[in-house]
Amino acid sequence: MERLSEFIPHISQIAVQTCYAGMNIVVRVALDKGMNPFVFVAYRQAVGTFAMAPVAYFLERKERPAMTCAVFWQIFLLALGGITFNQNLYFAGLAKTSSTFASATTNLIPVVTFIMAITFRLEKVDIRSRRGQAKVIGTIICVGGAMIMTLYKGPSLAGTQHHLLKINKWMLGALMLFGSCFVWSAWLTFQAPVLKKYPAQKSLTAMMLLMGTVQSTAMALIFEPKASAWKLKWDMELLSIIYSGVLCSAFAFFVQTYCINEKGPVFAGIFNPLSTILVAVLDRLILHVKLHVGSVVGGVLIIAGLYIVLWGKANDKKETDQRNDGLTCGSNNTIDVCPVEIKQPLLENEGYHHSDEEISRL
């Protein structure tokens, strides 16, 4: 069980990406039936808030830290970027493109997150070492594979051509999706410092969802003031809202917060390519979208890049453990390396677990 617990963040991220893949298919069907994307985001966050708030209230009543004005506004900005701007841009872009295209663009997130994390010193990269080079090269390969899936279709494996949307509508949707990737990367990056100041993960998630609900509702009323667009029926629209709110807002946001706290923002972002692969498969099985050569080639590159980055991060952990062991095992002011059994999580990032004294100073 101890060995299995090391891989909880990995299993959690795979579960999140599976939920996101299913969401792309369900929401795409609902959008095709006429659902407004801005109204959908508002309802989705409301469902997510109702699902997460009771859990946060009862499980963290005794350990929830006091709220300060500074922390409140930081959480407000996290919700504005990671929920309101991100999701409204994403689903508006999804409505103008396709499920596979929208999912593929999210693979820009790892490289943007990687750059942001380095810029703000949340991720360390020794470019002279093989592990540092692996993280850089693996990220580039991931994004390259996603770009191949996006820009190169190639011949269909079924021998037919796939229908293309009008270029103006497609490009507008693409710009929205790229903007969504940028604000999502910022959310992944800047959530780590806020977690140090407010280390109640469930409560933080619930507050972001609540603020995101208010912000998204205000935005939806601006872009869609008609009352008829807000009426819900027992159809695919309601299913997409409940599915996305419970699994992709409440559950996924909490898991992302947990993984950022345990492993850092780059670890959370690098799993996004898995969703692209799953969406391509589901597109074929459920929506009967033809699979193209570009999707296969891009998918292989994405998986390869993912494992290269994880290899680099795993070796970062080993290097850190060896250095710490050498500094703590000496006696009489000497430094001797002591053989110990490594029991820490495989991909734990240096700098993400602080002592109580360090947290109080923050």
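Rules behind the numbers
- Going along each chain's sequence as written, the residues are numbered from 1 onward.
- In view of the model being predicted, local features appear only for residues whose pLDDT reaches at least 70, and side-chain atom pairs are presented and counted only at 80 or more, with totals across whole chains, interfaces and linings using the full set of residues.
- Note that the side-chain values use all heavy atoms of the structure and ignore hydrogens as well as water.
- By convention, a stacked pair of Phe, Tyr or Trp rings (six-membered ring in the case of Trp) has centres within 6.5 Å and planes under 30 degrees apart, an edge-to-face pair has planes over 60 apart, and any other such pair is tilted.
- Secondary structure follows DSSP: runs of H or I at least 4 residues long count as helices, runs of E at least 2 residues long count as strands, and numbering of each begins at the N terminus.
- We call a residue buried when its accessible area falls under 20% of the maximum for its residue type, exposed when it is over 50%, and partly exposed in between, using a 1.4 Å probe and counting protein chains only.
- A residue's pLDDT is the predictor's confidence in that residue, given on a scale from 0 to 100.
- Contacts are assigned to residue pairs with any non-hydrogen atoms lying within 4.5 Å of each other.
- In these notes, a set of buried Ala, Val, Leu, Ile, Met, Phe, Trp, Tyr and Cys residues joined through side-chain atoms within 4.5 Å is what counts as a nonpolar core.
- Salt bridges are defined by distance alone: a side-chain nitrogen of Lys or Arg within 4 Å of a carboxyl oxygen of Asp or Glu.
- In the analysis that follows, any N or O atom pair within 3.5 Å is treated as a polar contact, provided that within protein one partner can donate a hydrogen and the other can accept it, and provided that, for residues neighboring in sequence, both atoms belong to side chains.
- Only residues whose relative accessible area exceeds 30% and that form no salt bridge are eligible for patches; like-charged ones are grouped when within 9 Å, while nonpolar side chains (Val, Leu, Ile, Met, Phe, Trp, Tyr) are grouped when within 5 Å.
- A 1.4 Å probe and the Shrake-Rupley method give the accessible areas. Residues count as covered only by the protein chains that appear here.
- Under the convention used throughout, the expected extent of a helix is 1.5 Å for every residue step, that is, one less than its residue count.
- Bend, in this description, refers to the angle at a residue between axes fitted to the seven residues ending there and the seven starting there.
- Axis angles are defined between N-to-C directions and span 0 to 180 degrees, where every axis is a line fitted to C-alpha atoms and, for a helix, only to the segment in contact.
- Any angle that is under 35 degrees is reported as roughly parallel, and any over 145 degrees as roughly antiparallel; angles of 65 to 115 degrees are reported as roughly perpendicular and all others as oblique.
- Helix crossings are classified by the rotation of the near helix relative to the far one: an anticlockwise turn of less than a right angle makes the crossing left-handed, while a clockwise turn makes it right-handed.
- Under the grouping applied here, Gly and all other residues not named as nonpolar or charged are polar, the nonpolar ones being Ala, Val, Leu, Ile, Met, Phe, Trp, Tyr, Cys and Pro and the charged ones Asp, Glu, Lys and Arg.

Structural notes on the packing of aromatic side chains
Working step 1: All chains considered together, the criterion is met by 8 aromatic pairs.
Working step 2: Taking the centre distance of 5.6 Å and the plane angle of 65° together, the rings of Y43 and W230 count as edge-to-face. Taken together, the positions of Y43 in helix 3 (residues 37-59) and W230 in the loop between helix 9 (201-223) and helix 10 (236-263) put the pair 187 residues apart, joining distant regions of the chain.
Working step 3: Relative to F58, the ring of Y57 has its centre 5.1 Å away and its plane inclined at 85°; by these criteria the two rings are edge-to-face.
Working step 4: A relative accessible area of 46% means that Y57 is categorised as partly exposed.
Working step 5: Exposure remark for F58: the relative accessible area of 53% places this residue in the exposed category.
Working step 6: Counting every residue linked through ring pairs, the aromatic cluster contains F40, Y90 and F91.

Notes on the confidence of the model for the chain
Working step 1: Residue-level pLDDT values for the chain average 78, and 80% of them are 70 or greater.
Working step 2: Below pLDDT 50 for its whole length, residues 161-165 participates in 7 contacts with residues either more than four positions away or in separate chains.
Working step 3: A low-confidence stretch, residues 329-362 stays under pLDDT 50, and its non-local contacts, those more than four residues away or across chains, total 59 contacts.

So, the nonpolar core
Working step 1: One finds Y20, V27, F91, W187 and M208 to be the most contacted residues of the largest nonpolar core, which totals 58 residues.
Working step 2: With 10 residues, the top contributor of residues to this core is helix 8 (residues 167-197).
Working step 3: Setting aside anything within four residues of it in sequence, one finds W187 in contact with L78, G82, M208, F253, Q256 and I260.

A short note on the pattern of salt bridges
Working step 1: A complete count under the given rule lists 1 salt bridge for this structure.
Working step 2: Between D32 and R28 there is a salt bridge, and its shortest N-O distance comes to 2.7 Å. Within this pair, D32 and its partner R28 are both found in helix 2 (residues 8-32), separated by 4 residues, close to a single helical turn.
Working step 3: By relative accessible area, D32 is classed as exposed at 52%.

Considerations on the side chain of R28
Working step 1: Exposure remark for R28: the relative accessible area of 13% places this residue in the buried category.
Working step 2: Of note is the side chain of R28, whose polar atom sits 2.7 Å from the side chain of D32.
Working step 3: Other than its neighbours up to four places away in sequence, R28 contacts M23, L94, A95, T97, S98, S99 and L287.

Structural notes on a nonpolar patch on the surface
Working step 1: A cluster of nonpolar side chains, I242, V246, L247 and F251, forms an exposed patch at the surface whose accessible area comes to about 280 Å².
Working step 2: Its location among the elements puts V246 in helix 10.
Working step 3: Since its relative accessible area comes to 35%, V246 is described here as partly exposed.

Considerations on helix 3
Working step 1: If you check helix 3, its first and last C-alpha atoms are 33 Å apart, about what 23 residues at 1.5 Å a residue would give, namely 33 Å.
Working step 2: Helix geometry: helix 3 is bent most strongly at M52, by close to 30°, with proline P54 lying one to four residues after it.
Working step 3: Buried within helix 3 we find P37, F38, V39, F40, V41, A42, R44, Q45, G48, T49, M52 and A56.
Working step 4: On the buried face of helix 3, the contacting elements are helix 2, helix 4 (69-96), helix 9 and helix 10.

A few points about the environment of Q87
Working step 1: Within the secondary structure, Q87 sits in helix 4.
Working step 2: Since its relative accessible area comes to 3%, Q87 is described here as buried.
Working step 3: A C-alpha to C-alpha distance of 9.8 Å links Q87 and G212, two positions 125 residues apart in sequence.
Working step 4: Aside from chain neighbours lying at most four places away, what touches Q87 is V41, R44, Q45, S249 and F253.

Digging into the packing of helix 3 against helix 10
Working step 1: Look at helix 3 against helix 10: their axes get within 7 Å of each other, and the N-to-C directions meet at 55°. Classed by the angle they form, the pair helix 3 and helix 10 counts as oblique. The two elements helix 3 and helix 10 meet at a crossing, and its hand is right-handed. Touching F40, Y43, R44, Q45, V47, G48, A51 and M52 of helix 3 are S240, I241, I242, S244, G245, V246, C248, S249, A250 and F254, all from helix 10.

With respect to the packing of helix 2 against helix 4
Working step 1: Interaxial distance between helix 2 and helix 4 falls to 10 Å at its minimum, and their mutual angle equals 65°. Seen from above, helix 2 lies across helix 4 with right-handed handedness. Contact residues: M23, N24, V27, R28 and L31 in helix 2; Y90, F91, L94 and A95 in helix 4.
Working step 2: Of the residues that constitute the contact of helix 2 with helix 4, the class distribution is 7 nonpolar, 1 polar and 1 charged.

Let's talk about the environment of V281
Working step 1: Within the fold, V281 resides in helix 12 (residues 272-285).
Working step 2: Considering only alpha carbons, one finds V281 and T100, 181 residues apart in sequence, at a separation of 9.3 Å.

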